[in-house]
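Spelled out from the first residue to the last, the chains are:
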Amino acid sequence: MSASVQPPTLAQEWSADEMMTIAAARQLHAGDTCFVGIGLPSTAANLARATHAQGLVLIYESGCIGAKPTRLPLSIGDGVLADTADAVVSVPEVFNYWLQPGRIDIGFLGAAQLDRFANINTTVIGDTYDRPRVRLPGAGGAPEIAASCGEVVVIVRQTKRTFVETLDFVTSVGFGTGAGDRERLGLRGSGPRMVITDLGILQPDPQTCELTLTHLHPGKAVDDVREATGWPLAVSASLSTTEPPTDHELATLRSLEATKSGTDS
Amino acid sequence: MSASVQPPTLAQEWSADEMMTIAAARQLHAGDTCFVGIGLPSTAANLARATHAQGLVLIYESGCIGAKPTRLPLSIGDGVLADTADAVVSVPEVFNYWLQPGRIDIGFLGAAQLDRFANINTTVIGDTYDRPRVRLPGAGGAPEIAASCGEVVVIVRQTKRTFVETLDFVTSVGFGTGAGDRERLGLRGSGPRMVITDLGILQPDPQTCELTLTHLHPGKAVDDVREATGWPLAVSASLSTTEPPTDHELATLRSLEATKSGTDS
Amino acid sequence: MAEPARVTTLAEAVASLVHDGDVVALEGFTHLIPFAAGHEIIRQGRRDLTLVRMTPDLVYDQLIGAGCAAKLVFSWGGNPGVGSLHRFRDAVEHNWPRPLELEEHSHAGMANRYVAGASGLPFAILRGYSGTDLPERTPNIKPVTCPFTGEVLAAVPALQPDVTIIHAQRADADGNVQMWGITGVQKEAVLAARRSLVTVEEIVDALTPVPGQVVLPTWAVTAIAVVPGGAHPSYAQGYSERDNDYYVAWDAISRDREAFDRWLQEQLLAPVGGAG
Amino acid sequence: MAEPARVTTLAEAVASLVHDGDVVALEGFTHLIPFAAGHEIIRQGRRDLTLVRMTPDLVYDQLIGAGCAAKLVFSWGGNPGVGSLHRFRDAVEHNWPRPLELEEHSHAGMANRYVAGASGLPFAILRGYSGTDLPERTPNIKPVTCPFTGEVLAAVPALQPDVTIIHAQRADADGNVQMWGITGVQKEAVLAARRSLVTVEEIVDALTPVPGQVVLPTWAVTAIAVVPGGAHPSYAQGYSERDNDYYVAWDAISRDREAFDRWLQEQLLAPVGGAG
């Protein structure tokens, strides 16, 4: 798919969401197999396919393996996914034969709450499970994506409400209680490689597995990230700045967004 | 499928195998679902479809559900089975989703050895498993067909070598050690309804489950059956004679056999 | 005896197959969601249902808002690509219009529960749930040890709905059902159930084979009702497009109890026989 | 990284993927049996193989007679519709040309062993083997108790061949594999294996979807070799018919050690590059 190239002036400004999506797309490479959830992950994965990673293999939990959508799907079950897939399999098969054995390189997840070990909550907000303040959609495919993909990339807008000291519910495991916990739990994928937000990029410390700020997006400051984090933020000694969106990335993203026929949560 | 009708003179004589196959075909009814092994069971099932049971649903372990072959298949994987089936599914699916839950009414099995409780050996002949006198093909689908079909019909030529006091190996369970044993073993189908041979028909005693001679084929005597049975044969007080093949049955069977492109063991 | 599927009307099928208190699964994965059947369940006023579905979406939001459900067994409850299911949230957060008991799994767990049901097994095993809070809230997740390796895996019990309802593209004159495109977990959901209803776009003389098809033999289905557009606002590949505007519009309707009630009275209950 | 399948020759594929002592599955259920690949294994003189297959037939009889196999893992070993596999019998009954260890299951057990292997699970459960003598002879059948109902079921361990070889109708230029008709347990056998080889009738630019198709994405396959007629005397639906005469003729050849050896020397080994 080739994007219609926009005039460069448009590319000089971008939203925080655009930076986040583009930073996420850059993490995907042509030969990867990628298990894609709906929303920002799907946008980022399709942006990668439309720019530097044409050979990226997209796998949707609806059973579409190798989907090559020509427009952004609104849901994980859009007809365009089945029409363009190399194979359409049943939902039990996609989880049992494709995800569970570790055939998928990268899982792309969102989060409603996230803690310093990149554990994820998408179940309930509030103290009690039975009468939550906010009932979220729930687990979906995430617990097993987080467990079984070769690695995980989380894409989430960063706020103090989202980046919390303690999750109200652990829906999907990042590094659990810290280094060694994934192995102890028998999780076979290597876990979150990075968390990409609208402010920057966090990566697990090689020793402790605690999320550490490694990149700031252009125009953002460490204090912006600290204020949006509900725990004392670790900052990398070699903190760097994310490459800004190129004209091509931004134009392609915008033309992709224009193909979507509904809104995105 | 309509058989070409043969002159009645031909129908006046028939082989013991023909009588056996026709008697077996009569046990199948239009609304039944029938799990069919290759050889005599397949011939009998297709004869039933071609005569009185057009609506009989044939299921082959190769994954062909509702196969309607227009000629006798030489194997359980002939192309004609897939071409004419309502659905072709994988081999794991046919065993897991269709056979195991008890969806199939009748299982049609052969045997190399059979005991008085209609347990079946198709594994080895001889005292030792590791160095048998005759190595037979083995279990195939039979153990689970025998366990899970609503009922089982066995079709087998009767000799003292085949109808034995003690099996050299229990490959598939009929009534195990007798009444109540299927329940104890957790087998959910009701087990063998009858054993059809080239001499007559045996049915389990309602109390003891021991096979009892209930029908003699025309021209056969009780002593013929006794001599072909390796245990003291129980004979029903209401022993009757099998209806001889009708002209239509015989003509249809012969025209079916003529469609087979190979030999049958 | 392999009973062929009975061809009937949607109203008769729901009346005879769906009873108060039943465990009911309406399956469909974005594609082929049996909306019309769900609406008929609301119209007939069923109560105390245990609703089962991997991805409860708008039609379950509607059933829950209408007070049909006592319990929901599920793995992801949202308005795909739009946001929350507000009637579902109102039931869980505020017990409105009645309390809703939850049994919550992951997709992999739910899919395998249907597989076990379809397979006549009491349970299924998977690598799942490890380290999450789900087993603490869902007693139906237990450990099981591999007798060969000693590894501990998760076990989930078979799902066996009293009735499963799906929508498919078509059936033939004998009642064999054919669907294609994204077919999700529908085969398993039908085979796991005691009774089943398939709404179809049309009945044709004979089924032309289609790539990617799933065929359910007539004797594996209890009843068939011809309901063209019965998946709207979901879609039936080859017959209709997904009505994305409906999904977006539902967000506003469902946020507000009064707006929902107006929709229920005016759109769903008033036009008898019509689709909501 | 999703490596695409490597397109190569049959000789190179067997040389690089099949090693002495490997666990090797050549799957095919009457249809699509990879005979040519089996013959190439004989030509290359592989030894001490553990051969795995639900329905070992003529090609396994040939491999066993040629002395390639140390062990057979199987559920039904016969010449379909004809009779015995005489080389198999000679090996088991008389240790000729060498002893053959057996591991014996039912079809349901073998199919589920492949399913477990394809699923990355250490074992599978089924209702099977109960009351039979198989568990006594096959240590790889164990009981497992349902943690919900207390029912005791059979467990079998996952099969994970070092290499699985299948024959398919075709592949596309990217190496995606397509087969249709009776596809048996081939998808599971490939996904369960560490390496895989698919022989195909042809490579086409793009795969036209076909009803009943199974597609294996290129990154799920290790190597592809174009071998037209590579299933002979089995068949490839849409390309060839089953050569039933070959199956019948094999009975006489295989009954006699000398006749078999003549076949091996003259038909299989002599015409280098030809099919036996």
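Anything mentioned here points back to the structure above.
Overview of the structure. Here the structure is a predicted model, which is why all the values come from computation and not from measurement.

To continue, consider the interface of chain C and chain A. Counting residues at the interface gives 48 residues for chain C, matched by 46 residues for chain A. Buried surface at the junction of chain C and chain A, summed over both partners, amounts to about 3,900 Å²; 56% is from carbon and sulfur atoms. Applying the counting criterion to the chain C and chain A interface returns 1 salt bridge. Note that Arg135(A) is salt-bridged to Glu104(C), the shortest N-O span being 2.4 Å. Run the count over chain C and chain A and you get 18 residue pairs in polar contact (both at pLDDT 80 or more).

Here the focus is the pairing of strand E7 (residues 142-145) of chain C. By the bridge criterion, 4 bridges tie E7(C) to strand E8 (residues 152-157) of chain C in an arrangement that is antiparallel. In the strand pairing of E8(C), Lys142(C) is matched with Ala155(C).

Residues and elements named next belong to chain D. Here 3 strands make up an open sheet; going across it, the order is E6-E8-E7 and the pairing antiparallel. The two strands at the open ends of the sheet, each matched to only one other strand, are strand E6 (123-126) and strand E7 (142-145). Taken pair by pair, the neighbouring strands of this sheet meet at an average axis angle of 45°, ignoring direction. Two strands pair when backbone bridges link them, and E6 and strand E8 (residues 152-157) are joined in this way by 4 bridges, in the antiparallel orientation. Bridging across to E8, Leu-126 finds its partner in Ala-154. Those strands touched by helix H5 (residues 107-118) are E6 and E8, and its axis lies near 140° from that of E6.

On to helix H5 (residues 107-118) of chain C, then. Residues and elements named next belong to chain C. A rise of 1.5 Å per residue sets the reference length of H5, with its 12 residues, at 16 Å; its end C-alpha atoms lie 16 Å apart and thus fit the reference within 8%. Counting buried positions along H5 yields 12 of 12 residues, so the element is predominantly enclosed. Every buried residue belonging to H5 is among His-107, Ala-108, Gly-109, Met-110, Ala-111, Asn-112, Arg-113, Tyr-114, Val-115, Ala-116, Gly-117 and Ala-118, and all of these are buried. Backbone geometry just downstream of H5 places Gly-120 in the positive-phi region, at approximately 65°.

Applying the stated criterion to the full structure yields 50 salt bridges over all chains. Between Arg113(C) and Glu103(C) there is a salt bridge, and its shortest N-O distance comes to 2.7 Å. Residue Arg113(C) is located in helix H5, and its partner Glu103(C) is located in strand E5 (residues 101-104); the two are separated by 10 residues in the primary sequence. Arg113(C) sits in the buried class, given a relative accessible area of 5%. For Glu93(D), the salt bridge goes to Arg89(D), with nearest N and O atoms at 2.7 Å. Placement of both Glu93(D) and Arg89(D) in helix H4 (residues 86-94) is noted, with a separation of 4 residues, approximately one turn of the helix. Across this residue pair, the class does not change: Glu93(D) and Arg89(D) are buried. Connected via shared salt-bridge partners are Lys71(C), Glu101(C), Glu103(C) and Arg113(C).

Cut-offs applied
- Residues numbered from 1 in each chain as written.
- Chains lettered and ligands numbered in written order.
- Predicted model: local features only at pLDDT ≥ 70, side-chain atom pairs only at ≥ 80, totals over all residues.
- Heavy atoms only, no water.
- Contact = heavy atoms within 4.5 Å.
- Buried area = accessible area lost by both parts, 1.4 Å probe.
- Salt bridge = Lys/Arg side-chain N within 4 Å of Asp/Glu carboxyl O.
- Polar contact = N/O pair within 3.5 Å; in protein donor to acceptor, adjacent residues only side chain to side chain.
- Pairing = 2+ DSSP bridges.
- Helix = DSSP H or I, 4+ residues; strand = E, 2+ residues; numbered from the N terminus.
- Axes fitted to C-alpha atoms, helices over the stretch in contact; angles between N-to-C directions.
- Expected span 1.5 Å × (residues − 1).
- Buried < 20%, exposed > 50% of the residue type's maximum accessible area, 1.4 Å probe, protein only.

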